[in-house]
Amino acid sequence: MKVYFIGAGPGDPELLTLKAADRIARCPVCLYAGSLVPAEVVARAPEGALVRDTAPMTLDETHAEILAARDRGEDVARVHSGDPSLYGATAEQIRRLEADDIAYEIIPGVPAYAAAAAALGQELTIPEVAQSIVLTRVSVTSTSMPEGETLENFARTGATLAIHLGVKALRDIERTLTPYYGADCPVVVAYRVGWPDEMFIRGTLSDIRKKVRAEKITRTALTLVGPALGKVRDFRDSVLYDPAYPHVLRPSVTSE
C-alpha cells in the first residue's frame with residue numbers, strides 16, 4: 001500500500017490537480033483536514049471509502065488509521081490544504097511512515113500565495129521592483145521561529161512577504177516592517193482564498209490593521225506585503241521577450 005500526501009489547494013476544488021483528483025478517487029481511505037479542505041474535494045473518494053476528518057484527531061490517531069489501512073492493504077489519500085511542502089505538518093507524519101516502512105508519495109498543490117496573486121490579477125515579481133518572495137509566518141505559542149528567521153531580517157531584503165498566521169499580529173507586523181518598507185507600503189490580507197466567501201482587503205502598513213478589524217477577520221488569512229502589490233506601472237519590461245536580447249530559443253537579435 002502507499003500513502004499519498006495530496007495538496008488540495010487553498011479552497012477552490014477546481015484548482016485540484018488531475019493527479020490529485022485521480023488519487024483521491026482511487027484510494028479506499030481518505031484522511032483530510034476538514035477545517036481547511038472543502039467537502040467537494042473529498043467527495044471524489046470512491047463509493048464505500050473510509051473518509052475521516054482529521055481536524056479533531058491527534059497525530060497518533062491519524063497514524064493508527066494509516067496502520068490499519070496498511071494491514072488491510074489499502075492505499076490512503078492524506079489530503080492537506082494548499083501545498084504539502086508548506087506548513088503541511090507532513091514532516092512528522094513522514095517520519096512515522098518511514099519508521100514503519102510505509103511507502104508514500106507527495107502530490108503538490110496550489111499554494112495560497114499563488115492563488116491569491118491570481119485572484120488579485122497581478123504578478124508578485126516585477127522587474128526592478130521585487131524579484132523575491134519570502135514565505136514565512138509569525139511566531140506562535142505552539143511553534144517558535146528558528147533563530148535568525150525574523151520578519152526584521154526578511155524585511156531588510158525588500159522582498160515581497162507572504163506571512164502566514166499573521167492576521168492577529170498586524171500591529172507587530174506594522175511596527176517591524178514600517179522602518180524598511182515605509183508606512184505607505186501596500187498590504188493585502190487574503191481571507192479564505194478560493195472559498196465562496198473569500199475576501200481581499202487592500203491597505204497599507206499604516207491602515208491595514210484597522211481595515212481588517214472592521215471585517216472581524218481573525219484566522220484563515222494570508223498577509224502579503226511589498227511594493228509589488230501596488231499599482232506599479234513604471235518598470236522596465238523583462239528581457240525575456242525583448243528583441244534586443246537573444247537567448248537559446250531566440251538566438252538572433254532583431255535590428256531596429
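Conventions used here
Residues numbered from 1 in each chain as written. Predicted model: local features only at pLDDT ≥ 70, side-chain atom pairs only at ≥ 80, totals over all residues. Heavy atoms only, no water. Core = buried A, V, L, I, M, F, W, Y, C linked by side-chain atoms within 4.5 Å. Buried < 20%, exposed > 50% of the residue type's maximum accessible area, 1.4 Å probe, protein only. Helix = DSSP H or I, 4+ residues; strand = E, 2+ residues; numbered from the N terminus. Contact = heavy atoms within 4.5 Å. Axes fitted to C-alpha atoms, helices over the stretch in contact; angles between N-to-C directions. Parallel < 35°, antiparallel > 145°, perpendicular 65-115°, else oblique. Left-handed = near helix turned anticlockwise from the far one by under 90°. Nonpolar A, V, L, I, M, F, W, Y, C, P; charged D, E, K, R; others polar.

> Quick rundown of the nonpolar core? Include the residues and the values.
Counting residues in hydrophobic clusters, the biggest one holds 25 residues, and the most contacted among them are L161, I163, I173, L177, L205, V212 and V225. Those elements that place two or more of their residues in this core are α6 (151–155), β7 (160–164), α7 (170–181), β8 (186–191), α8 (208–215) and β10 (221–225). Sort the elements by how many residues they give to this core and α7 lands first, with 4 residues. Apart from residues lying up to four places away in sequence, L161 is in contact with V134, L151, F154, L177, Y181, T223, L224 and V225.

> I'd love a proper account of the packing of helix α3 (residues 59–72) against helix α4 (residues 91–99), names of residues and values included.
Running from amino to carboxyl end, α3 crosses α4 at an angle of 45°, the nearest separation of the two axes being 11 Å. Taken together, the axes of α3 and α4 lie oblique to each other. The handedness of the crossing between α3 and α4 comes out as right-handed. Seen from α3, the contacting residues are L59, D60, H63 and I66; seen from α4, they are E92, Q93, R96 and L97. Grouping the amino acids of the contact of α3 with α4 by side-chain chemistry returns 3 nonpolar, 2 polar and 3 charged.

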